[in-house]
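Chain residues, written in single-letter form:
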Amino acid sequence: MDVTEAERALLAALADGLPLHPRPFAALGETLGLSEGETLAALRGLQARGVVRRFGVVVRHHELGYRANAMVVWDVPDGMVEAAGRALAAAPGVTLCYRRPRRPPAWPYNLFCMIHGRDRAAVLRALDWAAEAAGLREVPREVLFSGRRFKQRGAVFGPAPAEEVAWTSSTAAS
Amino acid sequence: MDELDRRIVNALQGGFPVCERPFAAAAEGLGIDEATLLARLAALRAEGVLSRFGPLWKAEGLGGAVTLAAMAVPTERFEAVAALVNAHPEVAHNYERDHRLNMWFVLATESAAAIAVTIRAIEAETGLAVLNMPREAEYHVGLRLEA
C-alpha cells in the first residue's frame, strides 16, 4: 500500500505521540500547515488502509508492575496452528502472538507468544492457563525468559511500528 | 496510580477516537470531564506509566520490513557479539534469553531486501548463523494488560 509523502510527514510528526490538548489534531495539523479537517481525514485514510492499526496509549509494562516476561514457543501441527494462535492470543497475560517459520533442526517451533506477569511465577501460571485454553497442553514447547536487554532505539520511520513497540515495552528497563 | 488512573489506562489501551475532541469523547465514556482526563494523562506520562499516546502502525504499511532473528552465541563471546550486532542501526532491540539460541533481536528496515543484507552482514562479522523468523501470521490480542 502506498503512503504519500504528506502522510509520512504526518506520521513522523506523531512520533512523540499526540499533544495532550483539547483539539490535538488541530494542534498537530498546525505544525504541518494542515487544517484540523485535513489532518483527521488523512489519519482516517491511514487507518482505513491498515497502515495505522489503532490509536491508544503505549504503557510501560514494568511501570504497571509487570516485571517478568517470557517468550513461549510451541511446535504445533500446521493444521492446528491457526486455531491455537487465536486461542492463545485471547488468554490473559498474552501480549503478542505470531506464527513464524520453523528452522529445523535448530528450531522446531512455529507458534510464538509473549506472556507478561508480575513475577516469573505469575508468568508460569498464565502459561498454564493459556496452554489449557488453547488445547496445547500436549504440544512440545519451551519457555524463554528474558535476560539482559542490549538495545532499544527509536525506529527508522520516526515512530515505532506496532510489533516493535510491543517488544520494547516488554522489558524491565523500558 | 489510583482507581481512576487504572480505569483510564485500561480503557485507552484498546483505542482512542479519531475526531475533533477525542479527549472529550474518551472522558465521557469514563464518566469524567475532558480537563480531568488531560490532567491525568499528563501525570501518567510524567510518571512514566505511559510512554506514548498516539498511533501504532505496521512497518510494512510504510514499505518497511520487520523480522525476529536469533543466534546461538558462545557464552564467552556474548558481549563481543552483542556489540557487533547492536552496531547495526537496523537492530531495534536485542534480548538475551535463556536457551541455546541465546540472542534474540528484532530487525526493522526501510525495505524488505535490507533484512537479508543486514543478516548476511551480521553472519559475516560474527561467523555465526542467524536464524531469520519473520512473522507469517499475527493473532490479534484482544485483552491488553490490566492496570
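Above this text you will find the structure in question.
Residues numbered from 1 in each chain as written. Chains lettered and ligands numbered in written order. Predicted model: local features only at pLDDT ≥ 70, side-chain atom pairs only at ≥ 80, totals over all residues. Heavy atoms only, no water.

Draft legend 1. Quick look at unusual backbone geometry. Across the junction of Pro104 of chain A and Pro105 of chain A, the peptide omega takes the value 5°, indicating a cis bond. By secondary structure assignment, the location of Pro105 of chain A is in the loop between strand S3 (94–99) and strand S4 (111–117). (Helix = DSSP H or I, 4+ residues; strand = E, 2+ residues; numbered from the N terminus.)

Draft legend 2. Focus on helix H3 (residues 36–48) of chain A. All names here are of chain A. Across its 13 residues, H3 extends 18 Å between first and last C-alpha, which sits within 8% of the 18 Å expected from 1.5 Å per residue. Glu36, Thr39, Leu40, Ala42, Leu43 and Leu46 are the residues of H3 that are buried. The buried residues of H3 occupy an angular sector of 165° when projected down its axis, which confines them to one face. Packed against the buried residues of H3 are helix H1 (5–13), helix H2 (24–32) and strand S1 (52–59). (Expected span 1.5 Å × (residues − 1). Buried < 20%, exposed > 50% of the residue type's maximum accessible area, 1.4 Å probe, protein only. Arc of directions from axis to C-beta. Contact = heavy atoms within 4.5 Å.)

Draft legend 3. Main features of the interface of chain B and chain A. Taken residue by residue, the interface counts 77 residues in chain B and 88 residues in chain A. Buried area between chain B and chain A, summed over both chains or domains, comes out near 7,800 Å², and the portion from carbon and sulfur atoms is 60%. Across the contact surface, chain B and chain A share four salt bridges. Between the two partners, chain B and chain A, sit 13 residue pairs in polar contact (both at pLDDT 80 or more). Partitioning the side of chain B that touches chain A into residue classes produces 41 nonpolar, 17 polar and 19 charged. When S3 of chain A meets strand S6 (residues 137–138) of chain B, the two strands line up antiparallel, connected through two bridges. (Buried area = accessible area lost by both parts, 1.4 Å probe. Salt bridge = Lys/Arg side-chain N within 4 Å of Asp/Glu carboxyl O. Polar contact = N/O pair within 3.5 Å; in protein donor to acceptor, adjacent residues only side chain to side chain. Nonpolar A, V, L, I, M, F, W, Y, C, P; charged D, E, K, R; others polar. Pairing = 2+ DSSP bridges.)

Draft legend 4. Highlighting the packing of aromatic side chains. Applying the stated criterion across every chain yields a total of six aromatic pairs over all chains. Ring geometry for Trp107 of chain A against Phe112 of chain A: centres 5.9 Å apart, planes inclined by 40°, an arrangement best described as tilted. Of the residues examined, Trp107 of chain A reaches a relative accessible area of 0% and is grouped as buried. On the basis of relative accessibility, which here comes to 3%, the residue Phe112 of chain A falls in the buried class. Three or more aromatic residues link up through ring pairs in this structure, and these residues are Trp107, Tyr109 and Phe112 of chain A together with Trp104 of chain B. (Phe/Tyr/Trp six-rings, centres within 6.5 Å; stacked < 30°, edge-to-face > 60°.)

Draft legend 5. Quick peek at the environment of Gly85 of chain A. Summarising the element assignment, Gly85 of chain A is placed in helix H4 (residues 81–89). In this structure the C-alpha to C-alpha distance between Gly85 of chain A and Leu111 of chain A, which are 26 residues apart in sequence, comes to 7.0 Å. Not counting chain neighbours up to four residues away, the residues in contact with Gly85 of chain A comprise Cys97 and Leu111 of chain A together with Tyr139 of chain B.

Draft legend 6. The arrangement of the nonpolar core in detail. Ranked by size, the top nonpolar core spans 35 residues in total, and within it Leu43 of chain A together with Leu12 and Leu37 of chain B carry the most contacts. Going through the elements one at a time, H1, H2, H3 and S1 of chain A together with helix H1 (3–13), helix H2 (22–30), helix H3 (34–47) and strand S1 (50–57) of chain B are the ones with two or more residues in this core. Setting aside its immediate chain neighbours within four residues, Leu12 of chain B contacts Gly56 and Val57 of chain A together with Ala26, Leu37, Leu41 and Phe53 of chain B. Core analysis: the second largest hydrophobic core is formed by 27 residues, Ala70, Val76 and Ala134 of chain A together with Val141 of chain B among them. (Core = buried A, V, L, I, M, F, W, Y, C linked by side-chain atoms within 4.5 Å.)

That is the geometry; function is a separate question.
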